[in-house]
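Each chain, written out:
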Amino acid sequence: PVLDAHITTLLTAIILFIYGLGGVLGFATRQIIGIILSLFCGIMVSRLITDWYTKKDRHFKYFTTISKRIFRHANYNFIGLRKYAYGITVIVALLGIGAIFNGFDYGVEFEGGRSYVVNFGKNVNEEEVRNALDKTFGKTPVIKTYGSANTLDITTDYRIEEQGPAVDSAVRNKLYEGLKPFLPANVTAQEFSTSTRYVEATKKVDPTISDDLKTGAQWATFWSLLIIAIYIFIRFRDWRYSVGTIVALFHDVLVTLAVFSYFSSVVNFPLEIDQHFIAAILTVIGFSMNDTVVVYDRIREYSRSMKNADKATIINKAINETLSRTIMTSLTVFLTILILFLVGGEVTRGFAFAMLIGVITGCYSSIFVAAPILIHFS
């Protein structure tokens, strides 16, 4: 199961490497290296340390007082709750489908345009800025708060079809013209254009590039789901495990899409569908499979050793036996991502938020979706 869990995560990282660009490509590269090193350390280094420690008649304590009460000899009836879990899954599916019609906030990579992170040095009214720029550009730009009320992320497709430094300069001057009433009185157009004090960051994506990125993201998600389903089928020699895998992964993706659609106007940080979001989705798919494969491997093991037991008993026992591993792995990853979300800055906050949602749903789907669905195909 250790090898299977790492391979499924590695497959999604490789697909992300193939389709990713820029920082996402760098993330995929580091993820591939990290998975390989993790596999090496998990199999070789941990084994060496354990052998060295136990040779001196010492033993590792794997359970604390709290974990003994929760995990040791766990016998929770997860399968008995499957009807409630199916109800939640149906609601999630409907919300996920509804999110497609509700719409998303697309990042500049997928929309095409020029994006400017502008620091006004004081709190500004977002609606007033939007109305002013609407008059200046002749079209309402996309404006989001960036970290605090004194900094806005402004995206516009004004003259995006035109190329060249002169056009970029003209668009920035136009931006200055619209924002002038909100900036300090002594700020000149030259200072606004050249100083990073006011324009902290800029990004430009041509429409043709954004179309390529959208297509790449769609194919990356498709190939990730397909290749993992094929790997599970080859590994377990049973199509039913592949069905459970696909249903669980769709569940995780739909939950994340629903959160990004319905909460984009609620939270005070950008929830954009961009390359970082796709990286988070593929990472969540790999992580979710990490848990699911461990549970499936134990189900297969008990199916061979418990010939006279019914399927519900076997699956319940498998989930309970792997519960400590599922919860503790998810919790450690969640805490790590939580730190990134809190102190990582605005650029990584959307990615970290998607990962936090994915870790929770991945843990849930492994226990309440992927495993119980095998009963109906047994």
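Before reading further, recall that the structure is shown in the block above.
Residues numbered from 1 in each chain as written. Predicted model: local features only at pLDDT ≥ 70, side-chain atom pairs only at ≥ 80, totals over all residues. Heavy atoms only, no water.

Engineer: Please clarify how the pattern of salt bridges should be interpreted in this entry.
Structural biologist: Side-chain pairs of opposite charge can arise whenever the charged atoms involved come near each other. Overall, the coordinates contain five salt bridges when judged by the stated rule. One salt bridge connects Arg130 with Glu126, and the closest N-O pair in it is separated by 2.9 Å. Placement of both Arg130 and Glu126 in helix α6 (residues 126-137) is noted, with a separation of four residues, approximately one turn of the helix. For Glu126, a relative accessible area of 25% gives the class partly exposed. Between Glu127 and Arg130 there is a salt bridge, with its nearest N and O atoms 2.9 Å apart. Here the residue Glu127 and the residue Arg130 both occupy positions in helix α6, the gap between them amounting to three residues, near one helical turn. (Salt bridge = Lys/Arg side-chain N within 4 Å of Asp/Glu carboxyl O. Helix = DSSP H or I, 4+ residues; strand = E, 2+ residues; numbered from the N terminus. Buried < 20%, exposed > 50% of the residue type's maximum accessible area, 1.4 Å probe, protein only.)

Engineer: Where do I start with the packing of aromatic side chains in this structure?
Structural biologist: Aromatic ring pairs are defined here through the distance separating the ring centres and the angle between the ring planes. Per the stated rule, a full pass over the model turns up nine aromatic pairs. Relative to Tyr296, the ring of Tyr241 has its centre 4.8 Å away and its plane inclined at 80°; by these criteria the two rings are edge-to-face. Taken together, the positions of Tyr241 in helix α10 (residues 239-262) and Tyr296 in helix α11 (residues 275-305) put the pair 55 residues apart, joining distant regions of the chain. Its relative accessible area of 0% is what places Tyr296 among the buried residues. For the pair Phe260 and Phe353, a centre-to-centre distance of 6.2 Å together with 45° between the ring planes defines the contact as tilted. Of the two residues, Phe260 is situated in helix α10 and Phe353 in helix α14 (residues 346-370); the sequence distance between them amounts to 93 residues. Taken individually, Phe260 and Phe353 each receive the classification buried, so the pair is uniform in this respect. Positioned above the aromatic ring of Tyr302, the side-chain terminus of Lys317 is 5.2 Å from the ring centre. In this structure, Arg349 packs its charged tip against the face of Phe341, placed 5.5 Å from the ring centre. (Phe/Tyr/Trp six-rings, centres within 6.5 Å; stacked < 30°, edge-to-face > 60°. Lys NZ or Arg CZ within 6 Å of the ring centre and 35° of its normal.)

That is the geometry; function is a separate question.
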